[in-house]
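Observations on the three-dimensional arrangement
As a plain string of letters, each chain reads:
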Amino acid sequence: MTAAQIRSATPADLPGMAVIYNDAVRHTVATFDLEPRPDDHYADRVASTRPGDHVLVAVAPGGDVLGYAFSGTYRPRAAYDGTREVSVYLAEDARGQGLGRRLYAELLRRVDADGVHTCVAVIAQPNPASEALHRAHGFEHVGTLREVGYKLGRRVDTAFWQRPHPDGR
Ligand SMILES: CC(C)(COP(=O)(O)OP(=O)(O)OC[C@H]1O[C@@H](n2cnc3c(N)ncnc32)[C@H](O)[C@@H]1OP(=O)(O)O)[C@@H](O)C(=O)NCCC(=O)NCCS
């Protein structure tokens, strides 16, 4: 797994990213989408040139997309421009090997360099791996919304985690 390359996503990565996302749609509450998305689901994010917006992929030596992480709009109102929402998804057999850590390290390096003031992560409960990953990268739990989702036969809480710019910018 250490051989995986972390780089900016390109349009050629979109189908591989969609496979990973749609597996999460079908089998987890990590996303509140209920139906699979088309291959171009992340096309607008990949095309964004706005500072603070990034999409990274982890790619196996053979070229397969193993996972991805992104930063993007938190809410589409101008006063939120210094904030980004971040997230990360790995293929099931790529989890638990440090790849999430590597993706987030590079994502947050780029977001910090762009001067983003604060990052927000919304973690549907329960998700101990995601919480451990965010905690390891300086996020803290700031609150939980109770039973805002309904998926896979149960109501789901969402925990909000937040990370300020490390230099206080
Ligand atoms: C959440 C996810 C991205 C984590 O990435 P990962 O590569 O599996 O995690 P890493 O191996 O980099 O480990 C990161 C931390 O999580 C911990 N961790 C990993 N899997 C864990 C698990 N199943 N339970 C508890 N902790 C776990 C690791 O010990 C590590 O903590 P540490 O730094 O304190 O030692 C990955 O599991 C995933 O893609 N899950 C499905 C999609 C998802 O839930 N995305 C998050 C949406 S908010």
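Look up: the structure comes first, before these words.
Residues numbered from 1 in each chain as written. Predicted model: local features only at pLDDT ≥ 70, side-chain atom pairs only at ≥ 80, totals over all residues. Heavy atoms only, no water.

1. As for the site of the ligand
Quick reminder of the rule: Distances are taken per atom, and a residue is near a molecule or strand as soon as one of its heavy atoms is within 4 Å of it. Two N or O atoms form a polar contact when they lie within 3.5 Å of each other; inside protein one atom must be a possible hydrogen donor and the other a possible acceptor, and for residues adjacent in sequence the pair counts only when both atoms belong to side chains. Here a helix means four or more residues in a row that DSSP labels H or I, a strand means two or more in a row labelled E, and each is numbered from the N terminus.
Surrounding the ligand, one finds 21 residues, the nearest of these being Val 88, Gly 96, Gly 98, Arg 101 and Asn 127. Here an oxygen atom of the ligand and a backbone polar atom of Gln 97 are 3.3 Å apart. A distance of 2.8 Å is found between an oxygen atom of the ligand and a backbone nitrogen or oxygen belonging to Gly 100. When contributions to the shell around the ligand are tallied by element, the ones reaching two or more residues are β4 (83-90), α3 (99-113), β5 (118-124) and α4 (128-136). In terms of residue count, the dominant contributor to the shell around the ligand is α4 (six residues).

2. Observations regarding helix α1 (residues 14-27)
Filter applied, for reference: One fewer than the residue count of a helix, multiplied by 1.5 Å, yields its expected span. Burial status follows relative accessibility: with a 1.4 Å probe on protein chains alone, a residue under 20% of its type maximum counts as buried, one over 50% as exposed, and anything between as partly exposed. What makes two residues a contact is simply this: any of their non-hydrogen atoms within 4.5 Å.
Taking 1.5 Å as the rise per residue, α1 with 14 residues should run 20 Å; its terminal C-alpha atoms sit 20 Å apart, in good agreement. Taken as a whole, α1 has its buried residues at Leu 14, Met 17, Ala 18, Ile 20, Tyr 21, Asn 22, Ala 24 and Val 25. Taken together, the buried residues of α1 touch α2 (43-47), β2 (54-59), β3 (65-73), β4 and β6 (140-151).

3. So, the nonpolar core
Filter applied, for reference: Residues belong to one nonpolar core when they are buried, are Ala, Val, Leu, Ile, Met, Phe, Trp, Tyr or Cys, and are joined through side-chain atoms within 4.5 Å.
With 41 residues, the main nonpolar core has Met 17, Tyr 42, Tyr 68, Tyr 104 and Phe 139 as its most contacted residues. Every element with two or more residues in this core is listed here: α1, β2, β3, β4, α3, β5 and β7 (154-164). Setting aside anything within four residues of it in sequence, one finds Tyr 104 in contact with Ala 69, Val 86, Ser 87, Val 88, Leu 133, His 134, His 137 and Phe 139.

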